[in-house]
Amino acid sequence: MAISAESQQEQMASSESVAAEKKRWTLNDFDIGKPLGRGKFGHVYLAREKRSNHIVALKVLFKSQLKQSQVEHQLRREVEIQSHLRHPNILRLYGYFYDQKRVYLILEYAAKGELYKELQKCKYFSERRAATYVASLARALIYCHGKHVIHRDIKPENLLVGAQGELKIADFGWSVHTFNRRRTMCGTLDYLPPEMVESVEHDANVDIWSLGVLCYEFLYGEPPFEAKEHSDTYRRIVQVDLKFPPKPTVSSAAKDLVSQMLVKDSSRRLPLHKLLEHPWIVQNADPSGTYRG
Ligand SMILES: Nc1ncnc2c1ncn2[C@@H]1O[C@H](COP(=O)(O)OP(=O)(O)OP(=O)(O)O)[C@@H](O)[C@H]1O
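Here, residues in each chain are numbered from 1, in the same order as that chain's written sequence. Local features in a predicted model are, by the rule used here, given only for residues with pLDDT of at least 70; side-chain atom pairs are given and counted only at 80 or more, and totals for whole chains, interfaces and linings are based on all residues. With hydrogens and water set aside, each side-chain value is computed from the structure's full complement of heavy atoms.

Asks: Describe the site of the ligand, and please don't skip the residues or the numbers.
Replies: Whether a residue is near a molecule or strand depends on its heavy atoms: it is near if one of them lies within 4 Å of it. Near the ligand you find 15 residues, and of these Lys-40, Lys-59, Glu-108, Ala-110 and Glu-114 are the closest. Residue Lys-40 places a main-chain N or O atom 2.5 Å away from an oxygen atom belonging to the ligand. Sorting the residues of the shell around the ligand by element identifies β1 (30-38) and β3 (55-62) as the ones contributing at least two each. Labels follow the DSSP assignment, with helices taken as runs of H or I lasting at least four residues and strands as runs of E lasting at least two, numbered in each case from the N terminus. Of all the elements, β1 adds the most residues to the shell around the ligand, at 3 residues. All residues other than Ala, Val, Leu, Ile, Met, Phe, Trp, Tyr, Cys, Pro, Asp, Glu, Lys and Arg, Gly among them, are scored as polar; the first ten of these are nonpolar and the last four charged. Residues belonging to the shell around the ligand are distributed by class as follows: 7 nonpolar, 2 polar and 6 charged. Whenever two N or O atoms come within 3.5 Å, that pair is a polar contact, provided that in protein one can donate a hydrogen and the other can accept it, and provided that, for residues adjacent in sequence, both atoms are side-chain atoms.

Asks: I'd like a rundown of the packing of aromatic side chains, residues and numbers included.
Replies: Side-chain rings of Phe, Tyr and Trp, where Trp is taken by its six-membered ring, are said to pair if the distance between their centres is within 6.5 Å; with planes under 30 degrees apart they count as stacked, over 60 as edge-to-face, and otherwise as tilted. Taken as a whole, this structure holds 11 aromatic pairs when the rule is applied. Relative to Phe-97, the ring of Phe-30 lies with its centre 5.9 Å away and its plane at 10°, an arrangement referred to as stacked. One end of the pair, Phe-30, is in strand β1; the other, Phe-97, is in strand β4 (residues 93-98), and 67 residues separate them in sequence. To sort residues, take the accessible area from a 1.4 Å probe on protein chains only and compare it with the maximum for the residue type: under 20% means buried, over 50% means exposed, and anything in between is partly exposed. What makes Phe-30 buried here is its relative accessible area of 4%. Centre to centre, the rings of Tyr-133 and Tyr-291 are 6.3 Å apart; their planes meet at 65°, and the pair counts as edge-to-face. Residue Tyr-133 is located in helix α5 (residues 127-146), and its partner Tyr-291 is located in the segment after α11 (279-284); the two are separated by 158 residues in the primary sequence. The burial state of Tyr-133 is the same as that of Tyr-291; both residues are buried. Through a chain of ring-to-ring contacts, the aromatic side chains of Trp-25, Phe-30, Phe-97 and Tyr-104 assemble into a single cluster. In this structure, Arg-129 is placed above the aromatic ring of Phe-125, and the distance from its NZ or CZ to the ring centre is 4.3 Å. We call a charge positioned over a ring when the NZ of a Lys or the CZ of an Arg lies within 6 Å of the ring centre and within 35 degrees of the ring normal.

Asks: Describe the side chain of Lys-168, listing the residues and the values that go with them.
Replies: Residue placement: Lys-168 occurs in strand β8 (residues 167-169). Note on Lys-168: relative accessible area 6%, which makes it buried. Polar side-chain contacts of Lys-168 include one of 2.8 Å to the side chain of Glu-108. Residue contacts follow a heavy-atom distance rule, with two residues in contact if any of their heavy atoms lie within 4.5 Å. Beyond its immediate sequence surroundings of up to four residues, Lys-168 is in contact with Pro-88, Asn-89, Ile-90, Leu-91, Glu-108, Asn-158, Leu-159, Leu-160 and Gly-162.

Asks: Requested: an account of the UniProt feature "binding site: ATP" (unreviewed entry) in the protein chain, with residues and values cited.
Replies: Sites flagged by UniProt as "binding site: ATP" (unreviewed entry) map to Lys-40, Lys-59, Glu-108, Tyr-109, Ala-110, Glu-157, Asn-158 and Asp-171. Those residues in contact with Glu-108 that sit more than four places away from it in its chain are Ala-57, Ile-90, Leu-91, Arg-92, Tyr-94 and Lys-168. In this structure the side chain of Glu-108 is engaged in a polar contact, spanning 2.8 Å, whose partner is the backbone nitrogen of Arg-92. The residue Tyr-109 is located in the loop between β5 (102-108) and α4 (115-122) in this model. If near-sequence neighbours (up to four positions away) are discounted, Tyr-109 is found in contact with Leu-36, Leu-46, Ile-55, Val-56 and Ala-57. UniProt positions are given in the numbering used here, feature names are shortened, and annotations may be inferred rather than shown by experiment.

Asks: Hey, could you go over unusual backbone geometry for me, with residue numbers and the actual values?
Replies: Notably, Arg-152 is not glycine yet its phi reads approximately 70°, a positive angle. When you line up the elements, Arg-152 lands in the loop between β6 (149-150) and β7 (159-161). A positive phi is found at Val-240, a non-glycine position, where the angle reads about 45°. The topology assignment puts Val-240 in the loop between α8 (230-238) and α9 (252-261).

Asks: Summarise the UniProt feature "active site" (unreviewed entry) in the protein chain; cite the residues concerned and give the values.
Replies: UniProt annotation of "active site" (unreviewed entry) refers to Asp-153 when read in the numbering used here. With respect to the helices and strands, the residue Asp-153 is situated in the loop between β6 and β7. The buried category is assigned to Asp-153, whose relative accessible area is 8%.

Asks: Residue-level account of the environment of Glu-226, with values.
Replies: Mapped onto the elements of the fold, Glu-226 is located in the loop between α7 (206-220) and α8. Each C-alpha atom of the pair Glu-226 and Ile-237 lies 9.1 Å from the other, and the pair is 11 residues apart in sequence. Ignoring anything within four residues of it in the chain, the contact list for Glu-226 reads Asp-190, Thr-233 and Arg-236.

What follows is the structure, given as structure tokens:
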């Protein structure tokens, strides 16, 4: 994959944590450690940048697989967007390089791994934990939206956990940098708002919906519109068929917040700065933004 030298230089210039100078990275700059995981397009390794001793996650993607799946454009957009974001709850992308066969992404290392696995292990989260995560994601999304970036794919699989227990939004594959309203259909159905399922115009408020779905899933262990058939999930989303099964661990304040986020009319969803003032968030979220169990 050819990423222009110009944008590569720009990329390096903004990677102050790994190296301040403009340079071209190569595999020789890193000691490669244990594998951290496998994705669709390659592998992720723990690595250390030799000069600074900085620990990173090196994501190795095979160009042939990227080409075959026609996702080169998406990757380029992901790199461009993620490399310019600086927020404690957004995984840093320090830089990238490539050789004949592979593309390498130099990523912030998230020591506590995938949130998805934590949720599977615990089945659901306490209100304190859920509220802490939702508040930190709201702050990260407020930051993104302020830079005209819509994430569009907020879900547990795209969230990693840092060493201090802080959430990190990790996957910007579906994100867009926009000044306009978007009409693109993308993402996994379960987290999509009605306007995206129905392919009508959408804006930054899509992320409020997805955060509402996520909040529900944190509390109940499954997303709210889940159904066996794809067509039923579709129908439930479009009709906003939201049900709160009785559960002693979920308060009415939590349900109130979720109901205010999962609103069909995107302009009437609870704005993220208001979410941070909601009583359930104020009473439950840890101000440090970290959850340590
Ligand atoms: N920055 C990171 N810090 C720690 N672990 C990571 C990091 N990035 C990825 N991993 C681990 O490596 C695995 C593979 O990551 P990768 O991003 O390639 O794939 P994915 O997001 O699971 O799948 P997909 O290929 O569909 O995007 C992750 O599931 C996670 O366990």
